[in-house]
Amino acid sequence: MEFTLSLPSKMEAVIVFLLFVNSALFGSLDAQRVAYYSTEAPLLLATPDNITVSAGTRLSLVCVAWGNPAPNITWTPDATAVPYQNVYNTSTTLNGLTYVVSILEVCYTEPQFSGTYSCTATNGVEDASLGGNSASFQVQVLSQPSCSSTYAVTSNLQYVYVKQEPSCILCTLPGGVPTWYTWAINSSSAIVQDGTYILFNGSTTTFLIQDPILLLKGATGVLQVQCYDQTQLISYEAYVALSEPSVIVAGPQDIITSSNLKLSATCVAWGKPLPMITWTSSYTNLTSFNTYTTSVSDSQYSYVVSILEICPTSFITSDTYTCTASSTSSGTSLGLTSSSFVLQVPYTLPTVQVVENTNLQVLCSLVGNSSVVITSVYWTDPLGSVVSNNSTLQVSGIQRNRSGVYTCIIQTASSSSMSTTTVTVLYPPSALLVGEQTLYQIQGLSVTLSCSFVGLPIPNITWSGPLGQQIQSNPHFTIVSSSNFTQLTVNSLIRSDTGNYTCAATNYLGTSSLSVAVYVQVPPEPPNIMVTGREISTISLSWNNGFNGNSPLVNVSISYESPNYIGVEGTMYLILPAMFSATLSGLHPNANYSIRVALVNAAGFTSNITTVLTSTLSIRLMTPTITALYSYISVQLVMIWTVVADPTMAPADSWIVEYMPFGGSPTNVTVQGSLRMFTLAGLSRGTLYSVRLAGVNVAGLGPFSTYVQNTTTVDAPSVPLNLATTVLNLTSIVVSWDPPLDNGGRIIAYYQIQYRVVGVSNFTLVNQIYDLQYTIMNLTYDAIYELQVMAFNGLFFSTPTPSVQQKVQPQGVVPPAPPSNIVVTNQSAMSISLSWNTGFNGNSPLENVNITFCSSNYPNEGTQYLLLPLVYSATLSGLHPNANYSIRITLVNTIGLISAPVTIATSTLSLTLGAPVIRSLYAISSTQLAVRWMVTIDATMAPAVSWIVEYTPFGGSPTNVMVQGFLRMFTLTGLSRGTLYSVRLAGMNVAGLGPFSPYVQNTTTVDAPSVPRNLSAIPLNSTSIAVSWAPPLDNGGQSIQYYVIRIRVLGGGPFSTVGQVLALQYVITAGVQDGTAYEVRVIAFNGGLFGMPSSAQVATPPIGPPFPLIMMPQVYGTTDTTAVVTWISPGGYIDNYTLQYKPSDQTWNGATTYTVGASATIFTISGLIPNTSYDVQVCTNNKNSSSDFVAQTFITLAPPTLKVIGPTSAVPVGTTVALACVVESGYNSTVSWSRADGASLPPGASAQGNLLLFISVQIQTSGIYVCTFAGSAGPITEAFSLIVSNVPPLPTSSQSILPTVMPASGGAFPAQLVISASLGAGIPLFCIGLVSAASFILIFQYYFRVKRRNRVDNPLYNTLALSNALALDGTGATVEKITFKGDDVADYTSVL
């Protein structure tokens, strides 16, 4: 595909392609953007004006030009050469156009640089006849003057007030320092005139230009200035005049007024410049009031008007207020004046509650001392009648009908105030029953009890049940109460709900109550069932009846089933008239049965059906079979058996096992019925036994099995007795023993000896010894041997005898006896002294004493040795303090034999502990301090035995406490609250008391205060609750700082908190809603701790008028016959909403009205007329009144229409096809698809939203497909016939269509753009569902921006969006004419 688009001069084109298939959008092609412009002669867009600067400043001159191609800008000073000159050229592109900016900068100006400057733009195509490419201007450089005061010009039409002295004017810009500027005064273009003013820079720096300043020498008039900083050009006109002091020309007067009004006090002042007015007062904080200031003018003067708005007025706004007018110029005060007035507002009258038949008295007066003369004071009652002609309102024996708003009016000669108080007359409650006093109802249904009441304060309504318990709303009990009515509904009645229900109305003036009796009818109680007889196939029952549920019995229903026959038989039923026994027959033998008996009365079946579990009798067991009989050990036989089970037989209760030795008599043993294996014990070894058994169940003993035989085995012999050894010579030992007591059932065949040297692992064996002694030879002298003997009976060895040790040693010299009576004679921190005695020397004189010692505390030091000549005492020195030592002593004779060692354990003495360190001392209660400490203990110190803790109150005496040594924390108790204590401690061990730690100090805490007393919460009006209380009995050791009030809606939810209440009363207004019961509690705070909250008090403000909706109701989801209306609840007490709607051309008299519940803020209107305008309005209602309606208008939709888009000719087999179902008239387009013949969708077909997609169509896919839309007035359908042919499909590809855009010529205008895109065999994926390469529509859009030549200095673009649909049929091209509308734009044609 290719087409050519002709464009005009200076036009930018953006081409966007959108591809549609059968009127359905399937995707967009990539967009291309091109811009071409014709050649243009250069044009200067911005040039400098004539300029005057001060000497020594930096001068910047700017020229901006445009052209195609981009021009070059050159600068020409006059004939005088200008040094310090730089030229900067840059370019920028805005909206597709290139601009060239050139800056001539003179770094340091001098007077001789004054003259004519010019800039010229050239690009090779400039046209002298057009002009506009060159500009000239004058530059004048002045010398620097000086000035005494400076004023800034920052905005247009600004007044500058100067003094009678030389003054400087400063030109400023929001963006920073100007780069150039011009001045003129009284429209004069001259820079210097009669020496009146001159322009200068004010800075002596070389080339950093500062803000330009104009010096005025007493001149006045209109000043013109222009400032420019490369990004903005700002022109100012300022009015220069001499200043005059401010004067207040009008001020407020003294006034008295009422509370809760808006008071506006006005102050008017005049001056040059216009003064600023401020307001002050004696002590009132004015930051919460609004102040409005403006200026007005008459034919001669201008004035400042300031209004102080005091809103709302109250007695605390009574004060003296002052307005002050002041003027400044250049930071210098030009004087000020002021005016004051006195505002008097009466005290806010309290809301009064008074008990009926008591006296009422209220006083009305102004705040503070006032000079205003009061002419009269009087009171009016709620009906407007005067009831008092002085400041005191008095009513004796007031009645409840006198409740209402009373008004106090104070009048002066020129003003008056009015204050009101609401008087509420309180009276005790009274209750009245609504309905019957006795009610009957069937269990499971509901019963509703009602009573009404009156009383003020609004009584607290409670319901109590049959047991006197208070009833709260829950799923079983529903309580609905209003201001004078309560209703209790008992849901899903149960038997225990029978009894008296009491409604009680209580306020603090009294209680009134009444009761209703409720009786619940229930099904009968279950019977007590007994099994009176059982046979193999029958079971007999009888039962007793209990409570009949207050209704006579009608039937007895018996159902029974056997778990032994589940799946074979189900549950069997027997319906009998009311009777007390029955027999079930035709049952299975030995079967368990579950039997349920239910009684029936008018209220239904027994609630808990009684079930009895029993069974029919069994038949006897069959003959068992012994499958195994074997000997496990010598005196036991193990037998295993089986038996054939049958459902008619009860399981075995026991087995009778009979066993008989060969030639002996039988013995019977009873075995548990669950066993199938049993061990016969206590039999004779090596004996033949015969065994049989029979089973016993509930039916009796069954037949015995046949006999089975087997023989018991023999045992190993027992251990040989009395093993003994004797040394025969230096290398031989004689071993002897006695035979074992038990030979294991066979004669001993022989004995075996095993021996080894002590410490060697392997034994040496001597086998087949037939005697009871044996001599072992060739042993090692002086070695110690371990010996054992075992017996063998031909089958088993006995266990070895206990080991016997024997040393091979000659007669004569032996080791000496060990030392005795070793005594520790002395201990110190580093030494231990010992003494001992010697005994038998082993037939050789003693020669040495060998002492070895080591410490378990210092294992790295190892064992130390001390070899001494024969002595009887020794001292070990150089030891470690507080160390445990093990000391071993042996004696040595002259032969060198060593005695056995003797070991003693002892230790050196410890050092005392060091001073401990107290890590923390903190209060854990008002009378307790916890002290934690640590101490460094090294190996030289014994652990602490105890600690001495000393604590001293401030100004008191110390007290010592002894603490166990293993502790490192201790709690001091019984201390005084809020008292400073000094604490130290020292440790004691076996060495004595160590040094004390330094003192550490801390203070005990205070306790929480107790609960505030006598809490009272009384509604003042519909949105406020008065709370009062008495202080707690115990302040916790510290004065109460403030109280916290907690309030929440009765029945749960989070509490809201009112904090830091200093008084013993408070009025809660924030968040209080009328008709809502609130739970109020009070907590005391003493500066350290909060106390526990007081018991709750409940207050319910009376219901006020409902609020209207805060915004119009919204309508959405509109169809042809329905609309959904929603709104936002305005808050407050609402019983329900009233919704009305009507056609917009009718009046509200015939509107349709609905009542909507208070919890709902949405409603669906149905049955509307299509395509019709309707009005809908909503108001709120409660028991007080109804709010105003808030209305909205909506229009129903036209009836929906369907359109199915798909291929209109035959589709080749294997093609992917999509049918699109379009729902018109603005509806949600969710539809469903089906076949007209009712068959299921073919394989490969799937409904995806509004599309029915066929992945690969086949011949059988042909058919009529129906799209269905579920409209509000019923379903709407549209059918489409799909035909599939055997023609193969076009090949597909995932290649996107990327259009190519290129100019048809070399860029000269008018230009032609050639736009082409390949649509050959590669159909893009988003074209899925096309039936051929020629059956689609390409939508392309042109977006043109055209710039007009005559506005080049401030470009204005006309954006044109044109669409053209080209039907491509593969046969040729179409020519579509496109018309452009706009200035300087001709008609252009696109060619495909």
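Residues numbered from 1 in each chain as written. Predicted model: local features only at pLDDT ≥ 70, side-chain atom pairs only at ≥ 80, totals over all residues. Heavy atoms only, no water.

Draft legend 1. Here's a closer look at the overall build of the protein. The helix and strand inventory of the protein stands at 0 helices and 110 strands. The buried share of the protein, reckoned over its 1392 residues, is 41%. Long-range contacts, defined as pairs at least 24 residues apart, comprise 63% of the intrachain contacts of the protein with a sequence gap of at least 6. When the accessible surface of the protein is summed, it comes to about 68,800 Å², and 54% of that surface belongs to carbon and sulfur atoms. (Helix = DSSP H or I, 4+ residues; strand = E, 2+ residues; numbered from the N terminus. Buried < 20%, exposed > 50% of the residue type's maximum accessible area, 1.4 Å probe, protein only. Contact = heavy atoms within 4.5 Å. Areas by Shrake-Rupley, 256 points an atom, 1.4 Å probe, with all protein chains shown as cover.)

Draft legend 2. A look at the state of the cysteines. Counted under the stated rule, the structure contains 5 disulfides. Here C1221 connects covalently by a disulfide to C1267, the sulfurs 1.9 Å from one another. Taking the sign of the S-S torsion, about -80° here, the bridge from C1221 to C1267 comes out left-handed. Taken as a pair, C1221 in strand β98 (residues 1217–1224) and C1267 in strand β102 (residues 1263–1271) lie far apart in primary sequence, 46 residues in all. Given a relative accessible area of 0%, C1267 falls into the buried group. (Disulfide = S-S within 2.5 Å.)

Draft legend 3. How the structure looks around the pattern of salt bridges. By the definition in use, this model includes 14 salt bridges. The partner of R692 in a salt bridge is E658, with the nearest N and O atoms 3.1 Å apart. Of this pair, R692 sits in strand β57 (residues 688–697) while E658 sits in strand β54 (residues 654–661), and the two are 34 residues apart along the sequence. On the accessibility criterion, R692 (22% relative accessible area) is partly exposed. Of the residues examined, E658 reaches a relative accessible area of 8% and is grouped as buried. (Salt bridge = Lys/Arg side-chain N within 4 Å of Asp/Glu carboxyl O.)

Draft legend 4. Region of interest: the environment of F1085. Turning to its location among the elements, F1085 is positioned in strand β87 (residues 1078–1085). Taking the C-alpha atoms as reference, F1085 lies 9.4 Å from G1036; in sequence the two are 49 residues apart. Those residues in contact with F1085 that lie beyond four places of it in its chain are P1009, I1040, Q1041, Y1042 and F1090.

Draft legend 5. Expanded view of the side chain of S102. Within the fold, S102 resides in strand β10 (residues 97–106). Within the structure, the side chain of S102 is placed 2.9 Å from the side chain of W75, a separation counted as a polar contact. (Polar contact = N/O pair within 3.5 Å; in protein donor to acceptor, adjacent residues only side chain to side chain.)

Draft legend 6. Seen up close, the side chain of S417. Mapped onto the secondary structure, S417 falls in strand β35 (residues 416–434). Residues within four places of S417 in sequence aside, it is in contact with I256, T257, S258, P346, C408, I409 and I410.

Draft legend 7. Layout of the packing of aromatic side chains. For the structure on display, the rule yields 23 aromatic pairs. Each ring, one from W75 and one from F137, has its centre 6.3 Å from the other, and the planes form 80°; the classification is edge-to-face. On the criterion of sequence distance, the pair formed by W75 in strand β8 (residues 72–76) and F137 in strand β12 (residues 134–142) is long-range, its members being 62 residues apart. The residues W75 and F137 share a single accessibility class, namely buried. Note on Y951 and Y981: the rings are 6.3 Å apart at their centroids and 50° apart in plane angle, and the pair reads as tilted. Of this pair, Y951 sits in strand β76 (residues 946–953) while Y981 is found in strand β79 (residues 980–989), placing the two residues 30 residues apart along the sequence. As far as burial versus exposure is concerned, Y951 and Y981 are alike and both buried. Ring pairs connect the aromatic residues Y1141, Y1154, F1163, Y1174 and F1194, which therefore count as one cluster. One Lys or Arg, R984, reaches over the ring of F996 and ends 4.2 Å from the middle of that ring. Above the plane of the ring of W1148 lies K1142, whose end atom (NZ or CZ) is 4.7 Å from the centre. (Phe/Tyr/Trp six-rings, centres within 6.5 Å; stacked < 30°, edge-to-face > 60°. Lys NZ or Arg CZ within 6 Å of the ring centre and 35° of its normal.)

Draft legend 8. Spotlight on the pairing of β54. The element β54 is largely enclosed, with a buried count of 6 among its 8 residues. Counted between consecutive antiparallel strands, the loop separating β54 from strand β55 (residues 667–672) contains 5 residues, among which G663 sits at a positive phi close to 80°. In this sheet, β57 lies alongside β54 in antiparallel orientation, the contact comprising 8 bridges. Residue pairing across strands places Y659 opposite V691, the latter belonging to β57. (Pairing = 2+ DSSP bridges.)

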